[in-house]
Amino acid sequence: MDLSELRKEIDDIDRDLVQMFEKRMALCQEVAEYKIKTGMQVLDRKREVEKLEAIQQMADSDFNRYGVHELFTQIMAISRKLQYQLLADKGVITGLPFEMVPNLQKSRANVVFQGVEGAYSHVAALQFFGEKAKVFHVKTWDDAMKAICAGTADFAVLPIENSSAGSVSDVYDLLVKYDNYIVGETFVKVDHVLLGLPEAEISDIQTVYSHPQGLMQCSRFLEEHRELTKYSTSNTALSAKRVQEEKDITHAAIASEMAGSLYGLKVLDRNIMNSRGNTTRFIVVASRKMYVADSNKLSLCFETNHENAALYNMLSHLTYNGLNMLKLESRPILGRPWEFRFFVDFEGNLGDAGVKNALRGILEEANYFRILGNYYTDKGKNIDENK
Ligand SMILES: O=C(O)C(=O)C[C@]1(C(=O)O)C=C[C@@H](O)C=C1
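Residues numbered from 1 in each chain as written. Predicted model: local features only at pLDDT ≥ 70, side-chain atom pairs only at ≥ 80, totals over all residues.

(A) Up close: the site of the ligand. Residues in contact with the ligand, as listed here, are Cys28, Val31, Leu43, Asp44, Arg47, Glu48, Lys51, Met76, Ser79 and Arg80. Among the elements of the structure, α1 (3-38), α2 (45-58) and α3 (62-89) are those that each provide at least two residues to the shell around the ligand. (Near = placed C-beta within 6 Å. Helix = DSSP H or I, 4+ residues; strand = E, 2+ residues; numbered from the N terminus.)

As C-alpha cells, this is what we get:
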C-alpha cells in the first residue's frame, strides 16, 4: 500500500468519526434538555469513571487503553461544554446575581485605604476617585475590608500586585475571607526614594524602615549597602512618619517623595529601585455585587480536587470559550497542606455568551467557586514605563 492509499483510508475513518461524534453530541443535547427539566447536574463523575473503564476494556493494548482514555476524557469534556452552553442560553445560571450599574458613584464616595497619608494606596485612591474624594485610612488591609462590610466606607483601595515584587498574597486571602467584590482597578507608578531627617547625610544612615515590598523592590541598593539594618513596617509612608517622629539622624525610610514632603524629610538618594518601570496594581473593592456596563476583566477564585489535570480541566473552560487569561495565582488552603486555591483573571464581561458558558462550567465542576468581580481595566495605560 502506498501513502496516498493509507491516507485515503484514514480520511474515510475520520469522516465516520466526525459523523459518529455529531450523533453523540446530538444525544448529549437531549441529555442536557432532560437535565434542565429535572434540575440534574451536568457533570456525573460516576458515569464518566464507569464509561472510561468500559472503554478501556475494549482496547487491545496498553498504548491504546491509554489513548482511548485520553480521547473519551476529552469527548466527555466537550459534551459537558455543549450542555453548559445550553444551560447558559436558557438562562439557567444560578449563583451569579451581579447587578449591572451604569457607573460607580465616585464623586460622593467614602473611600478607605490602609496606612497613613502619603501611602501609595492614598495616591491610588485619589487617582481613581479624583483629588476631591473623601478618603480616610485604617491600620490594616483587614480593617479596610471590615470598613466596607460595616458600611463606614463605600469602597476600599488595596494593592494586589507589583510589577517586580509580585502578588500581595494577604490581599488575595482577604478576598476569600470577606464577601466583598472587585469593582475597579488602577495602576500607580512606584517611585521609592531614600528619606532622612533634614540634617542627615547618607553617610549617617544605619537603619532603614520600609514595607517588605519596598525593601524587596530596592533589594539591589540594600545589597550594595549591607551595613544598613533593615526593618519592616506595615506601610512605606508609615516608615517616613516613624523617621520624623524618632528624630534619629541614623534612621531613614524607603517611601515616596510625596510621603517625604508630608513628613518633612529630605531625599538622600533617588534611583534606588531595582527596576525603573515599577508599578503597583490596586483593586477597588465594594460590598455590593455590581459591575459597570463597560467592564472588560473578570477575577475568579476556585478550588479543585487534588488530582491529575484538575487545573487543566478548569482552565479549559476559558480556552474553549476563547477567553484570554491574564493572570493565574495560587494560595495555600489552610488545614489542607499542599493543596491550593486558584485565582484567575481573564478578559470579558458577565454579559458575554462565552463568559457565561465558562462560568457555568467552572461553577459546576469546581469544589468551591466565587466570582470576585467584573470591572473595567485600562491595563495601566497611564503608566510611562521609561520614566
Ligand atoms: O450521561 C450523561 O449524563 C451525560 O451528560 C453525557 C456525558 C457523556 O458525554 O458521556 C457527559 C457528561 C457527564 O458527566 C457524563 C456523561
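(B) Looking closely at the UniProt feature "domain: ACT" (unreviewed entry) in the protein. Under the UniProt annotation, the feature "domain: ACT" (unreviewed entry) is placed at residues 299-379. A distance of 14 Å separates the end C-alpha atoms of residues 299-379, which is 30% helix and 37% strand. (UniProt positions renumbered as here; feature names shortened; annotations may be inferred.)

(C) Geometry of the domain arrangement of the protein. What the domain assignment lists for the protein is domain 1 (1-92) and domain 2 (192-269). One C-alpha centre belongs to domain 1, the other to domain 2; they are set 62 Å apart. (Domains from an automatic or database assignment.)

(D) Spatial organisation of the nonpolar core. In this structure, Ala156, Val157, Leu158, Leu195 and Val285 are the most contacted members of the largest nonpolar core, which totals 80 residues. Among the elements that line this core, the one with the most residues is helix α4 (residues 120-129), at 6 residues. With residues up to four places along the chain from it excluded, the contact list for Val157 reads Val111, Phe113, Ser121, Ala124, Ala125, Phe128, Phe282 and Val284. (Core = buried A, V, L, I, M, F, W, Y, C linked by C-beta atoms within 7 Å. Buried ≥ 20, exposed ≤ 12 C-beta atoms within 10 Å, placed from the backbone. Contact = placed C-beta atoms within 7 Å.)

(E) How the structure looks around α3. With 28 residues, α3 should cover 40 Å at 1.5 Å per step; its first-to-last C-alpha distance of 41 Å lies within 8% of that length. The set of residues buried in α3 consists of Ser79, Arg80, Gln83, Tyr84, Gln85, Leu87 and Ala88. Elements that come into contact with the buried residues of α3 comprise α1 and α12 (353-365). Gly91 sits one or two residues past α3 and shows a positive phi near 75°. (Expected span 1.5 Å × (residues − 1).)

(F) Fine view of the packing of α1 against α3. Where α1 contacts α3, the two axes come as close as 9 Å, and the packing angle between them is 45°. In this view, α1 runs oblique relative to α3, as classed from their interaxial angle. Crossing geometry of α1 relative to α3 is assigned as right-handed. Contact with α1, carried on its side by Met25, Cys28, Gln29, Ala32, Lys35 and Ile36, involves Ser79, Leu82, Gln83, Leu86 and Leu87 of α3 and no other residues of that element. Residue composition of the contact of α1 with α3, grouped by class: 7 nonpolar, 3 polar and 1 charged. (Axes fitted to C-alpha atoms, helices over the stretch in contact; angles between N-to-C directions. Parallel < 35°, antiparallel > 145°, perpendicular 65-115°, else oblique. Left-handed = near helix turned anticlockwise from the far one by under 90°. Nonpolar A, V, L, I, M, F, W, Y, C, P; charged D, E, K, R; others polar.)

(G) Spatial organisation of the environment of Glu224. For Glu224, the position within the fold is in helix α8 (residues 219-224). In this structure Glu224 comes out as exposed when scored by C-beta crowding, with 9 C-beta atoms within 10 Å. A sequence separation of 159 residues divides Glu224 from Ile383, and the C-alpha atoms of the two residues are 28 Å apart.

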